[in-house]
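Structural characterization, general
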4 protein chains.
Amino acid sequence: MPLTSDEAEAVVKAAKARAADIGLAVSVVVLDLGGHLKAFSRMDGAWLGSIDVAMKKARTSVLFEMETQKVWELCRPDAQAHVTFAGGIPLKASDGRLLGAIGVSGGQVAQDFEVARAGWGALPL
Amino acid sequence: MPLTSDEAEAVVKAAKARAADIGLAVSVVVLDLGGHLKAFSRMDGAWLGSIDVAMKKARTSVLFEMETQKVWELCRPDAQAHVTFAGGIPLKASDGRLLGAIGVSGGQVAQDFEVARAGWGALPL
Amino acid sequence: MPLTSDEAEAVVKAAKARAADIGLAVSVVVLDLGGHLKAFSRMDGAWLGSIDVAMKKARTSVLFEMETQKVWELCRPDAQAHVTFAGGIPLKASDGRLLGAIGVSGGQVAQDFEVARAGWGALPL
Amino acid sequence: MPLTSDEAEAVVKAAKARAADIGLAVSVVVLDLGGHLKAFSRMDGAWLGSIDVAMKKARTSVLFEMETQKVWELCRPDAQAHVTFAGGIPLKASDGRLLGAIGVSGGQVAQDFEVARAGWGALPL
(Lines give C-alpha, C1' and ligand atoms only; values in the text may rest on other atoms or scores of the structure.)
Protein backbone atom coordinates (compact mmCIF):
# COMPACT_ATOMS: atom_id res chain seq x y z
CA MET A 1 0.00 0.00 0.00
CA PRO A 2 1.48 3.33 -0.96
CA LEU A 3 2.05 6.23 1.38
CA THR A 4 -1.25 8.02 1.87
CA SER A 5 -1.82 11.73 1.81
CA ASP A 6 -2.76 11.62 5.49
CA GLU A 7 0.46 9.83 6.37
CA ALA A 8 2.52 12.27 4.33
CA GLU A 9 0.95 15.22 6.08
CA ALA A 10 1.46 13.63 9.48
CA VAL A 11 5.15 13.28 8.60
CA VAL A 12 5.34 16.94 7.60
CA LYS A 13 3.53 18.04 10.73
CA ALA A 14 5.80 16.05 13.06
CA ALA A 15 8.90 17.37 11.31
CA LYS A 16 7.72 20.96 11.59
CA ALA A 17 6.89 20.50 15.26
CA ARG A 18 10.40 19.27 15.96
CA ALA A 19 11.94 22.08 13.94
CA ALA A 20 9.91 24.62 15.93
CA ASP A 21 11.04 22.96 19.16
CA ILE A 22 14.68 23.53 18.29
CA GLY A 23 14.10 27.01 16.91
CA LEU A 24 14.56 26.14 13.26
CA ALA A 25 12.67 27.15 10.12
CA VAL A 26 12.86 24.41 7.51
CA SER A 27 11.39 23.11 4.29
CA VAL A 28 9.98 19.60 4.54
CA VAL A 29 9.47 17.41 1.48
CA VAL A 30 7.67 14.07 1.38
CA LEU A 31 7.96 12.01 -1.79
CA ASP A 32 6.23 8.76 -2.66
CA LEU A 33 8.14 5.67 -3.69
CA GLY A 34 8.28 6.84 -7.29
CA GLY A 35 10.04 10.00 -6.19
CA HIS A 36 7.00 12.21 -6.84
CA LEU A 37 5.95 15.00 -4.52
CA LYS A 38 3.26 14.02 -2.04
CA ALA A 39 3.39 16.79 0.59
CA PHE A 40 5.45 19.90 1.21
CA SER A 41 5.67 22.76 3.64
CA ARG A 42 8.06 25.68 3.96
CA MET A 43 8.03 27.25 7.39
CA ASP A 44 8.06 31.03 7.76
CA GLY A 45 11.62 32.27 7.72
CA ALA A 46 13.16 29.26 5.99
CA TRP A 47 15.64 30.18 3.25
CA LEU A 48 14.28 29.90 -0.25
CA GLY A 49 17.27 27.70 -0.97
CA SER A 50 15.95 25.14 1.48
CA ILE A 51 13.19 24.16 -0.98
CA ASP A 52 15.56 22.76 -3.54
CA VAL A 53 17.95 21.19 -1.05
CA ALA A 54 15.13 19.40 0.78
CA MET A 55 13.78 18.14 -2.55
CA LYS A 56 17.18 16.77 -3.50
CA LYS A 57 17.70 15.10 -0.15
CA ALA A 58 14.34 13.36 -0.33
CA ARG A 59 14.94 12.40 -3.94
CA THR A 60 18.32 10.95 -3.15
CA SER A 61 16.82 8.91 -0.31
CA VAL A 62 14.13 7.41 -2.45
CA LEU A 63 16.46 6.75 -5.39
CA PHE A 64 19.03 4.97 -3.28
CA GLU A 65 16.73 3.71 -0.53
CA MET A 66 19.08 4.92 2.14
CA GLU A 67 19.77 7.90 4.34
CA THR A 68 21.50 10.65 2.42
CA GLN A 69 24.70 10.71 4.44
CA LYS A 70 25.20 7.04 3.56
CA VAL A 71 24.87 7.80 -0.13
CA TRP A 72 27.86 10.07 0.35
CA GLU A 73 29.93 7.13 1.52
CA LEU A 74 28.76 5.13 -1.45
CA CYS A 75 29.29 7.80 -4.06
CA ARG A 76 32.30 9.72 -2.87
CA PRO A 77 34.32 9.37 -6.05
CA ASP A 78 31.37 10.37 -8.21
CA ALA A 79 31.20 14.05 -9.00
CA GLN A 80 27.64 13.61 -10.20
CA ALA A 81 26.30 12.57 -6.81
CA HIS A 82 23.14 14.20 -5.52
CA VAL A 83 23.10 16.10 -2.26
CA THR A 84 24.71 13.74 0.13
CA PHE A 85 24.63 15.17 3.60
CA ALA A 86 22.18 14.17 6.28
CA GLY A 87 18.53 15.18 6.19
CA GLY A 88 17.02 12.73 3.75
CA ILE A 89 15.52 9.52 5.11
CA PRO A 90 13.66 6.76 3.30
CA LEU A 91 10.20 6.09 4.69
CA LYS A 92 9.53 2.40 5.08
CA ALA A 93 6.57 0.32 6.18
CA SER A 94 6.85 -2.01 9.17
CA ASP A 95 7.57 -4.89 6.78
CA GLY A 96 10.48 -3.00 5.24
CA ARG A 97 8.81 -1.98 1.99
CA LEU A 98 9.87 1.45 0.71
CA LEU A 99 7.04 3.98 0.93
CA GLY A 100 8.89 7.13 -0.09
CA ALA A 101 11.21 9.58 1.59
CA ILE A 102 11.41 12.71 3.66
CA GLY A 103 13.89 15.51 3.00
CA VAL A 104 14.57 18.43 5.33
CA SER A 105 16.67 21.55 4.87
CA GLY A 106 17.08 24.79 6.75
CA GLY A 107 19.52 24.13 9.55
CA GLN A 108 22.84 22.51 10.21
CA VAL A 109 23.25 18.97 8.95
CA ALA A 110 22.65 17.36 12.33
CA GLN A 111 19.56 19.48 12.90
CA ASP A 112 18.08 18.62 9.54
CA PHE A 113 18.62 14.96 10.31
CA GLU A 114 16.93 15.29 13.70
CA VAL A 115 13.93 16.99 12.12
CA ALA A 116 13.69 14.37 9.37
CA ARG A 117 13.80 11.60 11.96
CA ALA A 118 11.00 13.26 13.87
CA GLY A 119 8.93 13.33 10.69
CA TRP A 120 9.72 9.71 9.98
CA GLY A 121 8.55 8.88 13.51
CA ALA A 122 5.01 9.93 12.64
CA LEU A 123 4.49 6.86 10.50
CA PRO A 124 2.80 3.88 12.17
CA LEU A 125 5.32 1.08 12.50
CA MET B 1 3.43 40.90 5.05
CA PRO B 2 4.07 37.76 3.06
CA LEU B 3 1.80 34.73 2.95
CA THR B 4 2.39 32.71 6.11
CA SER B 5 2.84 28.98 6.33
CA ASP B 6 -0.42 28.76 8.30
CA GLU B 7 -2.30 30.66 5.62
CA ALA B 8 -0.83 28.53 2.87
CA GLU B 9 -1.85 25.35 4.65
CA ALA B 10 -5.35 26.67 5.27
CA VAL B 11 -5.62 27.31 1.53
CA VAL B 12 -4.50 23.77 0.74
CA LYS B 13 -6.88 22.30 3.30
CA ALA B 14 -9.89 24.21 1.97
CA ALA B 15 -9.07 23.23 -1.59
CA LYS B 16 -8.75 19.58 -0.67
CA ALA B 17 -12.04 19.66 1.22
CA ARG B 18 -13.82 21.04 -1.82
CA ALA B 19 -12.18 18.49 -4.09
CA ALA B 20 -13.31 15.69 -1.79
CA ASP B 21 -16.83 17.12 -1.79
CA ILE B 22 -17.04 16.84 -5.55
CA GLY B 23 -15.34 13.46 -5.66
CA LEU B 24 -12.05 14.67 -7.10
CA ALA B 25 -8.42 13.83 -6.30
CA VAL B 26 -6.15 16.81 -7.02
CA SER B 27 -2.73 18.29 -6.47
CA VAL B 28 -2.80 21.66 -4.76
CA VAL B 29 0.13 24.08 -4.98
CA VAL B 30 0.56 27.30 -3.03
CA LEU B 31 3.37 29.63 -4.08
CA ASP B 32 4.54 32.85 -2.46
CA LEU B 33 4.69 36.10 -4.39
CA GLY B 34 8.15 35.29 -5.75
CA GLY B 35 6.81 32.07 -7.23
CA HIS B 36 8.47 29.81 -4.65
CA LEU B 37 6.75 26.76 -3.19
CA LYS B 38 5.12 27.37 0.18
CA ALA B 39 2.75 24.40 0.59
CA PHE B 40 1.74 21.39 -1.46
CA SER B 41 -0.46 18.34 -1.16
CA ARG B 42 -1.31 15.56 -3.60
CA MET B 43 -4.48 13.69 -2.71
CA ASP B 44 -4.58 9.91 -2.93
CA GLY B 45 -5.53 8.90 -6.43
CA ALA B 46 -4.50 12.15 -8.13
CA TRP B 47 -2.54 11.63 -11.36
CA LEU B 48 1.20 12.12 -11.06
CA GLY B 49 0.86 14.56 -13.94
CA SER B 50 -1.26 16.81 -11.77
CA ILE B 51 1.82 17.83 -9.78
CA ASP B 52 3.47 19.58 -12.67
CA VAL B 53 0.30 21.06 -14.10
CA ALA B 54 -0.75 22.51 -10.75
CA MET B 55 2.75 23.98 -10.34
CA LYS B 56 2.57 25.62 -13.76
CA LYS B 57 -0.89 27.02 -13.16
CA ALA B 58 0.17 28.56 -9.88
CA ARG B 59 3.37 29.85 -11.43
CA THR B 60 1.54 31.45 -14.32
CA SER B 61 -0.86 33.14 -11.90
CA VAL B 62 1.90 34.64 -9.83
CA LEU B 63 3.99 35.68 -12.83
CA PHE B 64 1.13 37.48 -14.54
CA GLU B 65 -0.91 38.37 -11.45
CA MET B 66 -4.11 37.07 -12.99
CA GLU B 67 -6.23 33.95 -13.25
CA THR B 68 -4.71 31.50 -15.69
CA GLN B 69 -7.58 31.49 -18.16
CA LYS B 70 -7.14 35.26 -18.55
CA VAL B 71 -3.47 34.89 -19.40
CA TRP B 72 -4.63 32.89 -22.35
CA GLU B 73 -6.65 35.82 -23.61
CA LEU B 74 -3.65 38.10 -23.18
CA CYS B 75 -1.14 35.81 -24.84
CA ARG B 76 -3.12 34.06 -27.51
CA PRO B 77 -0.62 34.79 -30.28
CA ASP B 78 2.19 33.50 -28.13
CA ALA B 79 3.30 29.98 -28.91
CA GLN B 80 5.42 29.95 -25.75
CA ALA B 81 2.55 30.61 -23.35
CA HIS B 82 2.46 28.69 -20.12
CA VAL B 83 -0.48 26.48 -19.27
CA THR B 84 -3.40 28.82 -19.68
CA PHE B 85 -6.53 27.00 -18.68
CA ALA B 86 -8.41 27.64 -15.49
CA GLY B 87 -7.18 26.46 -12.12
CA GLY B 88 -4.56 29.03 -11.17
CA ILE B 89 -5.62 32.00 -9.09
CA PRO B 90 -3.51 34.79 -7.62
CA LEU B 91 -3.86 35.13 -3.86
CA LYS B 92 -4.24 38.73 -2.80
CA ALA B 93 -4.50 40.52 0.51
CA SER B 94 -7.56 42.60 1.34
CA ASP B 95 -5.66 45.71 0.18
CA GLY B 96 -4.97 44.15 -3.20
CA ARG B 97 -1.31 43.28 -2.66
CA LEU B 98 -0.21 40.06 -4.34
CA LEU B 99 0.57 37.34 -1.79
CA GLY B 100 1.18 34.41 -4.11
CA ALA B 101 -0.97 31.98 -6.02
CA ILE B 102 -2.81 28.69 -5.85
CA GLY B 103 -2.74 26.11 -8.63
CA VAL B 104 -4.97 23.05 -8.81
CA SER B 105 -4.96 20.11 -11.20
CA GLY B 106 -6.67 16.75 -11.28
CA GLY B 107 -10.12 17.29 -12.69
CA GLN B 108 -11.88 19.07 -15.52
CA VAL B 109 -10.97 22.70 -16.02
CA ALA B 110 -14.12 23.99 -14.35
CA GLN B 111 -13.62 21.64 -11.41
CA ASP B 112 -10.01 22.69 -10.93
CA PHE B 113 -11.14 26.29 -10.93
CA GLU B 114 -13.85 25.59 -8.37
CA VAL B 115 -11.35 23.85 -6.11
CA ALA B 116 -8.83 26.68 -6.47
CA ARG B 117 -11.49 29.23 -5.62
CA ALA B 118 -12.40 27.26 -2.52
CA GLY B 119 -8.75 27.33 -1.47
CA TRP B 120 -8.53 31.03 -2.11
CA GLY B 121 -11.60 31.49 0.09
CA ALA B 122 -9.65 30.30 3.12
CA LEU B 123 -7.62 33.50 3.24
CA PRO B 124 -8.86 36.19 5.61
CA LEU B 125 -10.12 39.14 3.55
CA MET C 1 31.89 47.36 -33.78
CA PRO C 2 29.62 45.65 -31.30
CA LEU C 3 26.88 47.29 -29.30
CA THR C 4 28.50 49.09 -26.37
CA SER C 5 27.30 49.03 -22.80
CA ASP C 6 26.55 52.75 -23.04
CA GLU C 7 24.43 52.22 -26.13
CA ALA C 8 22.57 49.32 -24.55
CA GLU C 9 21.76 51.39 -21.50
CA ALA C 10 20.63 54.33 -23.64
CA VAL C 11 18.25 51.93 -25.38
CA VAL C 12 16.88 50.70 -22.06
CA LYS C 13 16.51 54.24 -20.76
CA ALA C 14 14.63 55.45 -23.83
CA ALA C 15 12.32 52.44 -23.72
CA LYS C 16 11.55 52.98 -20.05
CA ALA C 17 10.86 56.65 -20.64
CA ARG C 18 8.33 55.82 -23.34
CA ALA C 19 6.72 53.15 -21.19
CA ALA C 20 6.35 55.65 -18.34
CA ASP C 21 4.84 58.16 -20.77
CA ILE C 22 2.09 55.74 -21.68
CA GLY C 23 1.56 54.54 -18.12
CA LEU C 24 3.11 51.11 -18.58
CA ALA C 25 5.48 49.07 -16.41
CA VAL C 26 7.66 46.83 -18.56
CA SER C 27 10.75 44.68 -18.64
CA VAL C 28 13.32 45.77 -21.21
CA VAL C 29 15.99 43.39 -22.51
CA VAL C 30 18.95 44.31 -24.71
CA LEU C 31 20.97 41.48 -26.22
CA ASP C 32 24.15 41.67 -28.25
CA LEU C 33 24.47 40.12 -31.68
CA GLY C 34 25.35 36.75 -30.16
CA GLY C 35 22.07 36.74 -28.25
CA HIS C 36 23.77 37.36 -24.90
CA LEU C 37 22.38 39.73 -22.29
CA LYS C 38 23.89 43.20 -22.39
CA ALA C 39 21.44 45.33 -20.34
CA PHE C 40 18.16 44.76 -18.55
CA SER C 41 15.71 46.66 -16.43
CA ARG C 42 12.37 45.69 -14.89
CA MET C 43 10.24 48.68 -13.96
CA ASP C 44 8.40 48.75 -10.64
CA GLY C 45 5.04 47.06 -11.04
CA ALA C 46 5.90 45.03 -14.13
CA TRP C 47 4.68 41.44 -13.96
CA LEU C 48 7.36 38.91 -13.13
CA GLY C 49 6.27 37.08 -16.27
CA SER C 50 7.45 40.02 -18.37
CA ILE C 51 11.09 39.11 -17.71
CA ASP C 52 10.91 35.86 -19.59
CA VAL C 53 8.68 37.14 -22.36
CA ALA C 54 10.92 40.14 -23.04
CA MET C 55 13.96 37.84 -23.11
CA LYS C 56 12.28 35.56 -25.64
CA LYS C 57 11.20 38.44 -27.84
CA ALA C 58 14.71 39.88 -27.95
CA ARG C 59 16.18 36.45 -28.53
CA THR C 60 13.81 35.77 -31.39
CA SER C 61 14.72 39.10 -32.97
CA VAL C 62 18.40 38.47 -32.85
CA LEU C 63 18.12 34.87 -34.00
CA PHE C 64 15.97 35.73 -37.01
CA GLU C 65 17.21 39.29 -37.54
CA MET C 66 13.68 40.57 -37.86
CA GLU C 67 10.87 42.05 -35.81
CA THR C 68 9.09 39.39 -33.81
CA GLN C 69 5.69 39.80 -35.41
CA LYS C 70 7.30 39.04 -38.78
CA VAL C 71 8.78 35.83 -37.44
CA TRP C 72 5.23 34.78 -36.76
CA GLU C 73 4.39 35.14 -40.44
CA LEU C 74 7.47 33.11 -41.30
CA CYS C 75 6.95 30.36 -38.75
CA ARG C 76 3.21 29.98 -38.50
CA PRO C 77 3.13 26.27 -39.27
CA ASP C 78 5.92 25.56 -36.78
CA ALA C 79 4.72 24.70 -33.31
CA GLN C 80 8.24 25.19 -31.99
CA ALA C 81 8.37 28.88 -32.86
CA HIS C 82 9.59 31.31 -30.25
CA VAL C 83 7.42 34.13 -29.01
CA THR C 84 6.15 35.75 -32.16
CA PHE C 85 4.13 38.79 -31.30
CA ALA C 86 5.37 42.34 -31.53
CA GLY C 87 7.83 43.76 -29.05
CA GLY C 88 11.16 42.42 -30.26
CA ILE C 89 13.21 44.48 -32.67
CA PRO C 90 16.69 43.88 -34.07
CA LEU C 91 19.13 46.69 -33.39
CA LYS C 92 21.16 47.57 -36.46
CA ALA C 93 23.96 49.98 -37.19
CA SER C 94 23.54 52.69 -39.81
CA ASP C 95 25.26 50.41 -42.33
CA GLY C 96 22.77 47.64 -41.68
CA ARG C 97 24.99 45.41 -39.57
CA LEU C 98 23.15 43.56 -36.80
CA LEU C 99 24.14 44.84 -33.37
CA GLY C 100 21.70 42.90 -31.21
CA ALA C 101 18.06 43.23 -30.26
CA ILE C 102 15.63 44.78 -27.85
CA GLY C 103 12.71 42.93 -26.31
CA VAL C 104 9.89 44.52 -24.33
CA SER C 105 7.03 42.97 -22.36
CA GLY C 106 4.47 44.26 -19.91
CA GLY C 107 1.65 45.75 -21.94
CA GLN C 108 -0.52 44.99 -24.92
CA VAL C 109 1.28 43.91 -28.07
CA ALA C 110 1.04 47.32 -29.75
CA GLN C 111 2.30 49.05 -26.62
CA ASP C 112 5.26 46.73 -26.26
CA PHE C 113 6.14 47.42 -29.88
CA GLU C 114 5.91 51.18 -29.36
CA VAL C 115 8.19 50.97 -26.33
CA ALA C 116 10.69 48.78 -28.16
CA ARG C 117 10.77 51.23 -31.08
CA ALA C 118 11.44 54.08 -28.68
CA GLY C 119 14.38 52.14 -27.27
CA TRP C 120 15.67 51.39 -30.75
CA GLY C 121 15.48 55.13 -31.48
CA ALA C 122 18.17 55.83 -28.91
CA LEU C 123 20.86 54.33 -31.12
CA PRO C 124 22.83 56.77 -33.28
CA LEU C 125 21.94 56.19 -36.92
CA MET D 1 8.77 47.74 0.50
CA PRO D 2 10.53 45.89 -2.27
CA LEU D 3 13.72 46.96 -3.97
CA THR D 4 12.82 49.66 -6.50
CA SER D 5 14.04 49.91 -10.05
CA ASP D 6 15.87 53.14 -9.17
CA GLU D 7 17.66 51.45 -6.28
CA ALA D 8 18.60 48.46 -8.40
CA GLU D 9 20.07 50.70 -11.07
CA ALA D 10 21.98 52.73 -8.48
CA VAL D 11 23.49 49.47 -7.25
CA VAL D 12 24.51 48.50 -10.79
CA LYS D 13 25.97 51.93 -11.47
CA ALA D 14 28.05 51.95 -8.29
CA ALA D 15 29.34 48.46 -8.99
CA LYS D 16 30.32 49.38 -12.54
CA ALA D 17 32.08 52.52 -11.34
CA ARG D 18 34.17 50.50 -8.91
CA ALA D 19 34.96 47.90 -11.55
CA ALA D 20 36.11 50.64 -13.91
CA ASP D 21 38.27 52.11 -11.13
CA ILE D 22 40.14 48.86 -10.76
CA GLY D 23 40.34 48.22 -14.47
CA LEU D 24 37.83 45.41 -14.57
CA ALA D 25 34.99 44.55 -16.97
CA VAL D 26 32.19 42.72 -15.18
CA SER D 27 28.60 41.62 -15.38
CA VAL D 28 26.42 42.95 -12.58
CA VAL D 29 23.13 41.30 -11.64
CA VAL D 30 20.54 42.64 -9.22
CA LEU D 31 17.71 40.31 -8.18
CA ASP D 32 14.68 41.04 -6.05
CA LEU D 33 13.93 39.05 -2.92
CA GLY D 34 12.14 36.36 -4.90
CA GLY D 35 15.26 35.84 -7.00
CA HIS D 36 13.86 37.54 -10.10
CA LEU D 37 15.95 39.80 -12.32
CA LYS D 38 15.55 43.49 -11.59
CA ALA D 39 18.58 45.11 -13.28
CA PHE D 40 21.58 43.91 -15.24
CA SER D 41 24.54 45.35 -17.06
CA ARG D 42 27.47 43.73 -18.83
CA MET D 43 30.43 46.05 -19.30
CA ASP D 44 32.29 46.14 -22.60
CA GLY D 45 34.96 43.47 -22.60
CA ALA D 46 33.42 41.30 -19.88
CA TRP D 47 33.48 37.59 -20.67
CA LEU D 48 30.19 36.16 -21.89
CA GLY D 49 30.58 33.58 -19.14
CA SER D 50 30.33 36.31 -16.54
CA ILE D 51 26.60 36.66 -17.22
CA ASP D 52 25.72 33.24 -15.95
CA VAL D 53 28.20 33.27 -13.07
CA ALA D 54 26.95 36.64 -11.82
CA MET D 55 23.36 35.36 -12.05
CA LYS D 56 24.23 32.28 -10.00
CA LYS D 57 26.08 34.25 -7.38
CA ALA D 58 23.17 36.62 -6.93
CA ARG D 59 20.72 33.73 -6.90
CA THR D 60 22.69 31.87 -4.28
CA SER D 61 22.80 35.00 -2.11
CA VAL D 62 19.09 35.53 -2.23
CA LEU D 63 18.26 31.84 -1.74
CA PHE D 64 20.43 31.48 1.33
CA GLU D 65 20.36 35.08 2.53
CA MET D 66 24.11 35.20 2.93
CA GLU D 67 27.27 36.11 1.08
CA THR D 68 28.19 33.40 -1.39
CA GLN D 69 31.51 32.46 0.16
CA LYS D 70 29.66 31.70 3.40
CA VAL D 71 27.28 29.32 1.65
CA TRP D 72 30.35 27.34 0.77
CA GLU D 73 31.19 26.93 4.44
CA LEU D 74 27.62 25.81 5.12
CA CYS D 75 27.39 23.37 2.25
CA ARG D 76 30.87 22.03 1.91
CA PRO D 77 29.81 18.39 1.89
CA ASP D 78 27.25 19.11 -0.81
CA ALA D 79 28.32 18.19 -4.31
CA GLN D 80 25.28 19.97 -5.69
CA ALA D 81 26.16 23.35 -4.20
CA HIS D 82 25.65 26.42 -6.31
CA VAL D 83 28.54 28.70 -7.15
CA THR D 84 30.02 29.43 -3.78
CA PHE D 85 32.89 31.81 -4.21
CA ALA D 86 32.74 35.46 -3.32
CA GLY D 87 30.86 38.00 -5.38
CA GLY D 88 27.26 37.52 -4.34
CA ILE D 89 25.89 39.67 -1.52
CA PRO D 90 22.36 39.86 -0.14
CA LEU D 91 20.89 43.36 -0.24
CA LYS D 92 19.13 44.24 2.98
CA ALA D 93 17.15 47.21 4.20
CA SER D 94 18.30 49.17 7.24
CA ASP D 95 15.91 47.11 9.39
CA GLY D 96 17.48 43.87 8.18
CA ARG D 97 14.75 42.80 5.78
CA LEU D 98 16.03 41.01 2.68
CA LEU D 99 15.54 43.12 -0.44
CA GLY D 100 17.34 40.95 -2.98
CA ALA D 101 20.93 40.36 -3.97
CA ILE D 102 23.77 41.54 -6.16
CA GLY D 103 26.04 39.19 -8.08
CA VAL D 104 29.24 40.21 -9.85
CA SER D 105 31.54 38.25 -12.12
CA GLY D 106 34.42 39.13 -14.39
CA GLY D 107 37.51 39.36 -12.23
CA GLN D 108 39.30 37.53 -9.49
CA VAL D 109 37.20 36.44 -6.54
CA ALA D 110 38.41 39.25 -4.30
CA GLN D 111 37.80 41.79 -7.04
CA ASP D 112 34.27 40.57 -7.70
CA PHE D 113 33.57 40.83 -4.01
CA GLU D 114 34.95 44.38 -3.86
CA VAL D 115 32.77 45.38 -6.82
CA ALA D 116 29.68 43.76 -5.31
CA ARG D 117 30.30 45.54 -2.01
CA ALA D 118 30.57 48.84 -3.86
CA GLY D 119 27.21 48.17 -5.49
CA TRP D 120 25.68 47.24 -2.16
CA GLY D 121 26.97 50.53 -0.76
CA ALA D 122 24.67 52.47 -3.11
CA LEU D 123 21.61 51.46 -1.11
CA PRO D 124 20.42 53.95 1.49
CA LEU D 125 20.99 52.49 4.94
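Residues numbered from 1 in each chain as written. Chains lettered and ligands numbered in written order. Predicted model: local features only at pLDDT ≥ 70, side-chain atom pairs only at ≥ 80, totals over all residues. Heavy atoms only, no water.

Residues and elements named next belong to chain A. Mapping Lys 57 onto the fold places it in helix H2 (residues 49–64). Looking at Lys 57, the relative accessible area reads 0%, which means it is buried. Along the chain, Lys 57 and Ala 10 lie 47 residues apart, while their C-alpha atoms are 19 Å from each other. (Helix = DSSP H or I, 4+ residues; strand = E, 2+ residues; numbered from the N terminus. Buried < 20%, exposed > 50% of the residue type's maximum accessible area, 1.4 Å probe, protein only.)

Take the sheet that holds strand E2 (residues 37–42) of chain A next. Spatial ordering of the open sheet is given by E3(A)-E4(A)-E1(A)-E2(A)-E2(B)-E1(B)-E4(B)-E3(B), a layout of 8 strands whose pairing is antiparallel. The sheet is open, and its two edges are formed by strand E3 (88–92) of chain A together with strand E3 (88–92) of chain B, each paired on a single side. The mean inter-strand angle of the sheet, taken between neighbouring strand axes irrespective of direction, is 15°. Pairing between strand E1 (residues 27–32) of chain A and E2(A): 5 bridges, direction antiparallel. Paired with Val30(A) across the two strands is Ala39(A), which belongs to E2(A). The strands touched by helix H1 (residues 5–21) of chain A within the sheet are E1, E2 and strand E4 (98–105) of chain A together with strand E2 (37–42) of chain B, with E2(A) carrying the most contacts at an inclination of about 25°. In this fold helix H1 (residues 5–21) of chain B packs onto E2 of chain A together with strand E1 (27–32), E2 and strand E4 (98–105) of chain B, with an angle of close to 25° to the strand it touches most, E2(B). (Pairing = 2+ DSSP bridges. Axes fitted to C-alpha atoms, helices over the stretch in contact; angles between N-to-C directions. Contact = heavy atoms within 4.5 Å.)

Superposing chain B onto chain A takes a rotation of 180° combined with a translation of 0.0 Å along the rotation axis, leaving an RMSD of 0.1 Å. Here the two chains are linked by the operation of a two-fold rotation axis. Closest approach to the rotation axis within chain B is made by the C-alpha atom of Phe40(B), at a distance of 2.4 Å. Take the interface residues of chain B: 100% of them recur as interface residues in chain A, which is what a same-surface contact looks like. (Least-squares fit on C-alpha atoms with pLDDT ≥ 70 in both.)

Within strand E2 (residues 37–42) of chain C, 6 of the 6 residues are buried, which leaves it mostly tucked inside the rest of the structure. Relative to strand E2 (residues 37–42) of chain D, E2(C) runs antiparallel, the two being bridged by 3 bridges. Bridge pairing links Ala39(C) to Ser41(D) in E2(D).

Turning our attention to the pairing of strand E3 (residues 88–92) of chain C. All names here are of chain C. In terms of burial, E3 is largely enclosed, as 4 of its 5 residues are buried. Relative to strand E4 (residues 98–105), E3 is paired through 5 bridges, and the arrangement is antiparallel. Along E4, the bridge assignment pairs Ile 89 with Ile 102. In this structure, the hairpin formed by E3 and E4 is closed by a connection of 5 residues, where Gly 96 is found at a positive phi of approximately 95°.

Looking now at the packing of helix H1 (residues 5–21) of chain C against helix H4 (residues 109–120) of chain C. The packing of two helices is summarised by the inter-axis angle and the distance between the axes. All names here are of chain C. Following both chains from N to C, one finds H1 and H4 inclined at 140°, their axes separated by 7 Å at the closest point. Taken as axis vectors, H1 and H4 run oblique relative to one another. Pair H1 / H4 crosses with right-handed handedness. Touching Val 11, Ala 14, Ala 15, Arg 18 and Ala 19 of H1 are Glu 114, Val 115, Ala 118, Gly 119 and Trp 120, all from H4. Residues that form the contact of H1 with H4 fall into these classes: 7 nonpolar, 1 polar and 2 charged. (Parallel < 35°, antiparallel > 145°, perpendicular 65-115°, else oblique. Left-handed = near helix turned anticlockwise from the far one by under 90°. Nonpolar A, V, L, I, M, F, W, Y, C, P; charged D, E, K, R; others polar.)

Once that is clear, we can look at the side chain of Ser105(D). Within the fold, Ser105(D) resides in strand E4 (residues 98–105). Setting aside chain neighbours within four positions, we find Ser105(D) in contact with Val26(D), Ser27(D), Ser50(D), Val53(D), Ala54(D), Lys57(D) and Asp112(D).

The subject of this paragraph is the layout of surface pockets. Space inside the largest pocket adds up to approximately 1,300 Å³. Taken together, 40 residues form the lining of the largest pocket, with Pro2(B), Leu33(B), Gly34(B), Pro2(D) and Leu33(D) sitting closest to its centre. If you list the elements that add at least two residues to the lining of the largest pocket, you get E4 of chain B together with E4 of chain D. Considered class by class, the residues forming the lining of the largest pocket number 19 nonpolar, 9 polar and 12 charged. There is about 430 Å³ of room inside the second largest pocket. What lines the second largest pocket is a set of 19 residues, among which Arg59(B), Ile51(C), Gly35(D), His36(D) and Leu37(D) lie closest to the centre. (1 Å grid on protein atoms, 1.4 Å probe; cavity = no way out; pocket = protein on both sides within 12 Å on 5 of 7 lines; lining within 4 Å. Points joined across faces, edges and corners; volume = space filled by probe spheres on them.)

This brings us to the interface of chain B and chain A. The interface is formed by 18 residues belonging to chain B together with 18 residues belonging to chain A. The junction of chain B with chain A conceals about 1,500 Å² of combined surface from both sides, 41% of it contributed by carbon and sulfur atoms. For Glu9(A), the salt bridge goes to Lys16(B), with nearest N and O atoms at 2.9 Å. One can count 21 residue pairs in polar contact (both at pLDDT 80 or more) joining chain B with chain A. Within the residue set of the side of chain B that touches chain A, elements represented by two or more residues are H1, E2 and helix H2 (49–64) of chain B. For the side of chain B that touches chain A, the leading source of residues is E2(B), giving 6 residues. Within the side of chain B that touches chain A, the residues separate by chemical class into 8 nonpolar, 4 polar and 6 charged. (Buried area = accessible area lost by both parts, 1.4 Å probe. Salt bridge = Lys/Arg side-chain N within 4 Å of Asp/Glu carboxyl O. Polar contact = N/O pair within 3.5 Å; in protein donor to acceptor, adjacent residues only side chain to side chain.)

The analysis is restricted to geometry; functional conclusions fall outside its scope.
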